[in-house]
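Coordinate analysis (summary)
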Amino acid sequence: MSFKKFKDPVYGYIEIDNQLISQIIDTANFQRLRDIIQTSYSPLYTSAVHNRFTHSLGVYHLGRIAARAFENSCSLNHISSFHTVKDYLPVFEIACLLHDVGHAPFSHTGEDFYFDNTKHEALHKIIISLTDDALLPIEISKNSYKAAAHELMSVIVGLNVYGAVIEKSRWSFFARCITGYKYTESLTDKKQLLNCLIELLNSSMIDVDKLDYLIRDAYMTGFENIRIDYIRLLESIYVFRQNAEYRLCYYKTAVSVIENVVYARDAERKWLQNHPAVLYEAYLLQNILSDIIETCMKKTYIPYDCLTNNGLKTESFGIIRLLSDSDIIYFMKNLPCHELAAEYLDRSLRKHPIWKTEAEYQAIFSGNEEAAQTIEREFADLKKELNGLGYSNTISQNALAACRMDARQLELEYETNALPQLKMSLRKRKRQIQIMEALYHFADRENLEFNFTIISTKQFNSGFGKPEFSKISMVFPEIAVPCEFGSISHTLKASESTGENFFYIYYTRKELNQKIHISELIKELLNIAYEIAQEQIRSAAERNTQAAANRLK
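Conventions and cut-offs
Residues numbered from 1 in each chain as written. Predicted model: local features only at pLDDT ≥ 70, side-chain atom pairs only at ≥ 80, totals over all residues. Heavy atoms only, no water. Helix = DSSP H or I, 4+ residues; strand = E, 2+ residues; numbered from the N terminus. Rg over C-alpha atoms; globule rule 2.2 N^0.38 Å. Buried < 20%, exposed > 50% of the residue type's maximum accessible area, 1.4 Å probe, protein only. Contact = heavy atoms within 4.5 Å. Areas by Shrake-Rupley, 256 points an atom, 1.4 Å probe, with all protein chains shown as cover. Lys, Arg positive; Asp, Glu negative; His and termini not counted. Charge placed at Lys NZ, Arg CZ, Asp CG, Glu CD. Expected span 1.5 Å × (residues − 1). Polar contact = N/O pair within 3.5 Å; in protein donor to acceptor, adjacent residues only side chain to side chain. Axes fitted to C-alpha atoms, helices over the stretch in contact; angles between N-to-C directions. Parallel < 35°, antiparallel > 145°, perpendicular 65-115°, else oblique. Left-handed = near helix turned anticlockwise from the far one by under 90°. Nonpolar A, V, L, I, M, F, W, Y, C, P; charged D, E, K, R; others polar. Pairing = 2+ DSSP bridges. Phe/Tyr/Trp six-rings, centres within 6.5 Å; stacked < 30°, edge-to-face > 60°. Lys NZ or Arg CZ within 6 Å of the ring centre and 35° of its normal. 1 Å grid on protein atoms, 1.4 Å probe; cavity = no way out; pocket = protein on both sides within 12 Å on 5 of 7 lines; lining within 4 Å. Points joined across faces, edges and corners; volume = space filled by probe spheres on them.

Along its length, the protein carries 21 helices and 12 strands. For a compact globule of 553 residues, the expected C-alpha radius of gyration is about 24 Å, and the protein comes in at 27 Å, within 12% of that figure. Overall size of the protein, expressed as C-alpha extent along the three principal axes, is 75 × 65 × 50 Å. Counting only residues that meet the buried cut, the protein has 53% of its 553 residues in that class. For the protein, the share of sequence-separated contacts (at least 6 apart) that also reach a separation of at least 24 residues comes to 71%. Accessible surface, the protein as shown: approximately 26200 Å² in total, 50% of it carbon and sulfur. Looking at charge distribution, the protein has the averaged site of its 62 positive side-chain charges lying 2 Å from that of its 69 negative ones.

Here you go:
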């Protein structure tokens, strides 16, 4: 067996079998990943331009280390069933290499554009047909399996383009490694051991995919994240057999590294993934992508053929094949009079968040948590209304006029037919108008353009608070059976956040260093929240009175 060495800034040298290079890496579909950016962090860190190609090589490298550790553990622990899965290790490594081969342009920003109206169903049907696994549809249904769109598409591209590299009988295992869909029906020793391998590539807490992006993202951005000793962690992989069941565990030497992985993941999610500049760029790209798909491809989603050499024939742009970031930029430049495309290409046009972090948001509404949750709900409803009216999260003079017109129409309908649901809809619309008017007053006071964008995001929850973290199995030689991580790491606890979502409000600066004052805006929003609370109290009292009257009849 001959190898080629790739120089990698993170791991030094990555060795890959020459056969895999000719069969997979040098092919057009895999080379496409050079033009798919790994993260959306470049608005924060200019050096964050690494791609899915280098990440895939990194995951393959870690996957090989994990596979050897898995094999060593089975040997040392005399796992007699290992011989039934030994030939699956190369398939696992190929899955590591191809786990992102179906990624959309701009990575996770384009994620949802693989789904049509049926969401997971259509892609699941293709995978079930390709793998010819009779138990897979049963397990998908029973376990409510819902892999990410790019994982499903990576399976489809992987099997359609590279299926000849993998024995047909192992296609289902390849698909399960990428999606994380474990075997749950008719479990045998072999399937349990294969589940351990699946978990090494796709799990909820620790796997070789997450390890590489945490280490690589920190290195390439320059973000000062905590160091992860991946060698110590992967070499601690331990396969444990108890009562005819196999479990993937970690030896006691990995305790500190596992904690570091969760620390690192928390830091990246909180300070990079959820940064308002990153969220705003994703908002721009998602709206631009939607228009490009509709304008250039005459579709509502990205067709499979666009990702491969087959290509999709279009009227205006010829054949679109091996779709990547550069193609989207090209299409973007050719969209006529597209405000969001202009904003993406010209950073001086970008909007800026009124508050810069979730911590600042929490501080602003400190002591008014219930009111803040009310405001969050109202902004979520307002965003839906704006999108329904065609204003894509945007509060402007035209959007306000459209909401007022809608409210007037509801008033007329209510005068004709005083239905309770019409009354409720009218109240909601008037509250939304109040919020928009509060922003209008804010723009007038601060000499801003009355043109705001709302973006909602989930409040941060630490990985230390996840049940999956607590259930990681640790092996101590002095103890007969593995223990759960939650029972040995009492200092690392985290509580859930108070609400599911919070939001950023973005505005356009008229001057480079323009300062704004938000105290009056916050007062107006809190007053609206107070009025809503009072209205809810009155409505509850009316319902109770009516119920009492009905009982007396």
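With that out of the way, let us pick up helix 10 (residues 208-221). The terminal C-alpha atoms of helix 10 lie 20 Å apart, and with 14 residues this matches the ideal 20 Å at 1.5 Å per residue to within 8%. In terms of burial, helix 10 is a largely internal element, 12 of the 14 residues being buried. For helix 10, the set of buried residues is Val208, Asp209, Lys210, Leu211, Asp212, Tyr213, Leu214, Ile215, Arg216, Asp217, Ala218 and Thr221. Where helix 10 begins, the side chain of Asp207 points an oxygen toward the backbone nitrogen of Asp209, at a separation of 3.1 Å. Where helix 10 terminates, the next one or two residues include Gly222, which has phi positive at roughly 90°.

Closest axis-to-axis distance for the helix 4 (residues 89-98)/helix 8 (residues 171-179) pair is 9 Å, and the angle between their directions is 45°. The angle between helix 4 and helix 8 falls in the class oblique. Viewed along their axes, helix 4 and helix 8 form a crossing whose handedness is right-handed. Within the contact between the two elements, helix 4 uses Val91, Phe92, Ile94, Ala95 and Leu98 and helix 8 uses Phe173, Phe174, Cys177 and Ile178. Within the contact of helix 4 with helix 8, the residues separate by chemical class into 9 nonpolar, no polar and no charged.

Moving on, we come to the sheet that holds strand 4 (residues 245-251). Across the sheet, 4 strands lie side by side as 3-4-10-11; this open sheet has mixed pairing. The open sheet terminates on both sides in strands that have one partner only, identified here as strand 3 (237-242) and strand 11 (483-484). Pairing geometry for strand 4 and strand 10 (residues 473-475), over 2 bridges, is parallel. In the sheet register, Tyr251 faces strand 10, and the bridge partner there is Val475.

This part takes up the side chain of Ser56. Its location among the elements puts Ser56 in helix 3 (residues 52-76). Residue classification places Ser56 among the buried residues on the basis of a relative accessible area of 0%. Filtering out sequence-adjacent residues up to four positions away, Ser56 remains in contact with Phe30, Leu33, Cys96, Leu97, His99 and Asp100.

A separate point is the packing of aromatic side chains. Within this structure, the stated rule accounts for 28 aromatic pairs. Judged by centre distance (6.1 Å) and plane angle (55°), the rings of Phe70 and Phe82 are tilted. Taken together, the residues Phe70 in helix 3 and Phe82 in the loop between helix 3 and helix 4 connect sequence positions 12 residues apart. Accessibility expressed as a relative area gives 0% for Phe70, which makes it buried. With relative accessibility at 10%, the residue Phe82 sits in the buried group. Through pairs of rings, three or more aromatic residues link up here, namely Tyr280, Tyr283, Trp355, Tyr361, Phe365, Phe379, Phe502, Phe503, Tyr504 and Tyr506. Directly above the ring of Phe53 sits Arg34, whose terminal nitrogen or CZ lies 3.9 Å from the centroid. It is Arg170 that lies over the ring of Tyr88; its NZ or CZ is 4.8 Å from the centre.

In this structure, the second largest pocket spans a volume of roughly 760 Å³. Breaking the lining of the second largest pocket down by element, the ones donating at least two residues are helix 9 (189-201), strand 4 and helix 20 (467-470). Of the residues assigned to the lining of the second largest pocket, the class counts are 15 nonpolar, 9 polar and 7 charged.

What follows covers empty space enclosed by the protein. Counted according to the given criterion, the structure contains 5 cavities of 30 Å³ or more. Taken as a whole, the largest cavity encloses approximately 90 Å³ of empty space. Contributing to the lining of the largest cavity are Lys270, Trp271, Asn274, His275, Pro276, Lys356, Thr357, Glu358, Ala359, Phe502 and Tyr504. Secondary structure elements with two or more residues in the lining of the largest cavity: helix 12 (255-273), helix 16 (358-364) and strand 12 (501-507). Of the residues that constitute the lining of the largest cavity, the class distribution is 5 nonpolar, 3 polar and 3 charged.

A positive phi angle, close to 60°, is found at Phe106, a residue other than glycine. With respect to the helices and strands, Phe106 occurs in the loop between helix 4 and helix 5 (120-131). Residue Phe106 is classed as buried on the basis of its relative accessible area of 9%. Its identity as a non-glycine residue notwithstanding, Asn243 has a phi of 50°, on the positive side.

The 4 strands are arranged 7-12-9-8 in an open sheet whose pairing can be described as antiparallel. What marks the edges here is a single partner per strand, and that holds for strand 7 (352-353) and strand 8 (394-396). Note: strand 8 against strand 9 (residues 451-458), 3 bridges, orientation antiparallel. Bridge assignment links Ser396 to a residue of strand 9, and that residue is Asn451.

Don't take any of this as a statement about function, it's just geometry.
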